[in-house]
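What follows is each chain in one-letter form.
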Amino acid sequence: IVGFSAAIGNTPVFNVSEMGNFSDDMLNLDTLRKILVREEDTIIFSLIERAKYPMNSRMYDERPGLSGSLFEFFVKESEAVQAKVGRYSSAEENAFFPDNLPPPLLPPGDSQQVLHPRGASININGQIMNMYRKQLLPLITSDGDDGSYAITAARDLDCLQALSKRIHLGKFVAEIKFRESPENYTRAIRVQDKDALMKLLTFESVEEMIKKRVEKKAMVFAQDVDLKENDNVGKYKVNPSVVSRLYGEWVIPLTKFVEVEYLLCRLD
Ligand SMILES: O=C(O)C(=O)C[C@]1(C(=O)O)C=C[C@@H](O)C=C1
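A brief report on the enclosed structure follows. (Residues numbered from 1 in each chain as written. Predicted model: local features only at pLDDT ≥ 70, side-chain atom pairs only at ≥ 80, totals over all residues. Heavy atoms only, no water.)

### Things to note about the pattern of salt bridges
In plain terms, the rule: A side-chain nitrogen of Lys or Arg and a carboxyl oxygen of Asp or Glu constitute a salt bridge if their distance falls within 4 Å. Any residue under 20% of the maximum accessible area for its type is buried, any over 50% is exposed, and the rest in between are partly exposed; the area is computed with a 1.4 Å probe on protein chains only. Where helices and strands are cited, they refer to DSSP runs of H or I of at least four residues and of E of at least two residues respectively, numbered from the N terminus.
Counted by the stated rule, this structure contains 18 salt bridges. Here Glu49 ties to Lys52 by a salt bridge, and the two come within 3.3 Å at their closest N and O atoms. Judged by its relative accessible area of 31%, Glu49 is partly exposed. For Lys211, the salt bridge is made with Glu208, and the minimal N-O distance between the two is 3.0 Å. A residue pair is termed a helical-turn pair when its members lie 3 or 4 positions apart in one helix, as Lys211 and Glu208 do in helix H10 (residues 204–221) at three residues. Among the residues examined, Lys211 registers a relative accessible area of 23% and is labelled partly exposed. Here Glu208 falls in the partly exposed class, since its relative accessible area comes to 39%. Salt bridges sharing partners connect three or more residues here, namely Arg38, Glu40, Asp41, Arg213 and Lys217.

### Details of the packing of aromatic side chains
Applied cut-off: We call Phe, Tyr and Trp rings a pair once their centres come within 6.5 Å, taking the six-membered ring for Trp, and we label the pair stacked below 30 degrees between planes, edge-to-face above 60, and tilted otherwise.
Counted under the stated rule, the structure contains two aromatic pairs. For the ring pair Phe45 and Phe221, a centre distance of 4.5 Å and an interplane angle of 15 degrees mean the geometry is stacked. Of this pair, Phe45 sits in helix H2 (residues 29–50) while Phe221 sits in helix H10, placing them 176 residues apart in sequence. When its relative accessible area of 23% is taken as the criterion, Phe221 is described as partly exposed. Residues Tyr60 and Phe71 carry aromatic rings whose centres are separated by 5.2 Å and whose planes lie at 70 degrees to one another, so their mutual orientation is edge-to-face.

### Brief notes about the site of the ligand
Note the threshold: Here a residue counts as near a molecule or strand whenever at least one of its heavy atoms sits within 4 Å of it. Polar contacts, as used here, are pairs of N or O atoms within 3.5 Å; protein pairs need one atom able to donate a hydrogen and one able to accept it. Residues neighboring in sequence count only if both atoms are side-chain atoms. In these tables, accessible area is a Shrake-Rupley quantity obtained with a 1.4 Å probe, and a residue counts as shielded only by the protein chains included in the view. Just so you know the grouping, Ala, Val, Leu, Ile, Met, Phe, Trp, Tyr, Cys and Pro go in nonpolar, Asp, Glu, Lys and Arg go in charged, and all remaining residues, Gly too, go in polar.
By nearness alone, 14 residues border the ligand, and Arg33, Lys177, Phe203, Glu207 and Glu259 come closest of all. Between Arg33 and the ligand, the recorded distance is 2.6 Å, taken from a side-chain N or O atom to an oxygen atom. Protein chains shield 99% of the accessible area of the ligand, which is 360 Å² for the free molecule. With four residues, the top contributor of residues to the shell around the ligand is helix H11 (residues 240–264). Of the residues contributing to the shell around the ligand, the split by class is six nonpolar, two polar and six charged.

### Some remarks on the side chain of Thr141
Note the cut-off: Residues are treated as being in contact if the distance between any of their heavy atoms lies within 4.5 Å.
Of note, Thr141 is situated in the loop between helix H5 (125–140) and helix H6 (149–168). Since its relative accessible area comes to 12%, Thr141 is described here as buried. Polar contacts involving the side chain of Thr141 include one to the main-chain carbonyl oxygen of Leu137, which spans 2.8 Å. Setting aside residues no more than four positions away along its own chain, Thr141 makes contact with Arg50, Tyr53, Pro54 and Met55.

### Examining helix H3 (residues 70–84)
This is how the line gets drawn: Expected span of a helix, by definition, is 1.5 Å for each gap between consecutive residues, and there is one gap fewer than residues. Arc definition: it is the arc formed by the directions from the helix axis to the C-beta atoms.
Between its first and last C-alpha atoms H3 spans 22 Å; for 15 residues at 1.5 Å apiece the expected length is 21 Å, and the two agree. Regarding H3, the residues found buried are Phe71, Val75, Ser78, Glu79 and Ala83. Buried residues of H3, viewed axially, fall in a sector of 135 degrees; they line one side. Its buried side turned inward, H3 meets strand S4 (68–69), H5 and H6.

### Regarding the environment of Asn56
Looking at where Asn56 falls in the secondary structure, it is placed in the loop between H2 and strand S3 (62–63). The exposure class of Asn56 is buried, given its relative accessible area of 0%. Setting aside its immediate chain neighbours within four residues, Asn56 contacts Gly144, Asp145, Asp146, Gly147, Ser148, Tyr149 and Thr152. Among the polar contacts listed, one links the side chain of Asn56 to the backbone nitrogen of Asp146, at a separation of 2.8 Å. Polar side-chain contacts of Asn56 include one of 2.9 Å to the side chain of Thr152.

In structure tokens form, the structure reads like this:
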């Protein structure tokens with residue numbers, strides 16, 4: 001069963017398991033876009049928290065006896081405990097180490113199937129991890145090692161989970177777009193035309209707006225707040241242009257990649 005729950009403020013938008021009776025007219029592009037906008041806040045705040053600590057690169061080195069790095073160990077063990085409490089019973093959540101996760105302790109609630117089951121299993125967390133570690137982290141952290149590995153790993157995992165959720169919400173966006181315009185999408189899916197699908201699902205003006213908005217949000221969220229006026233102008237905990245670049249070069253392209261992958265198997 002591939003369910004979905006989400007909320008804006010205290011208002012559940014989709015909380016299928018609690019509502020019991022999910023209606024299709026709640027699944028629309030407007031609502032989904034509002035959820036993506038709210039996810040921007042989560043992503044920016046998680047980057048600000050990670051940027052408090054230096055790179056701490058020793059944490060990512062292979063450790064003999066651990067079959068991986070201290071960081072991988074932290075992520076695997078954290079995911080195992082979260083799996084037990086049901087995190088991965090939600091269709092918008094994907095694990096970074098999905099093999100051999102323990103089952104949830106409680107049975108998943110009654111969930112309405114929204115996604116096509118083939119598409120539901122798409123997981124590009126390997127790419128997300130790579131982008132985060134190799135490209136994004138050096139842009140938001142200072143060089144150095146302060147030895148605070150546990151907190152650094154926890155902050156990394158917050159960033160990764162926020163990015164992963166946002167990017168994999170692309171499956172729901174794709175499902176909505178398919179339902180809103182089945183003929184156009186079906187034509188491209190039948191011939192497995194990735195370029196045509198990419199063109200159909202792209203709204204350049206929306207993308208431009210997002211890049212500007214996240215930069216503006218970062219300017220507000222990442223500034224030092226002080227009672228003296230103009231003391232901290234131009235000083236940010238995370239560079240707003242890096243946030244805009246994160247969206248333009250990685251978050252939006254990866255979301256679109258997920259959308260195309262989902263659509264390619266939508267008719268299987
Ligand atoms: O809002 C949409 O229509 C989406 O598909 C999401 C998204 C994004 O990643 O933010 C991706 C593609 C569109 O060009 C615009 C925005």
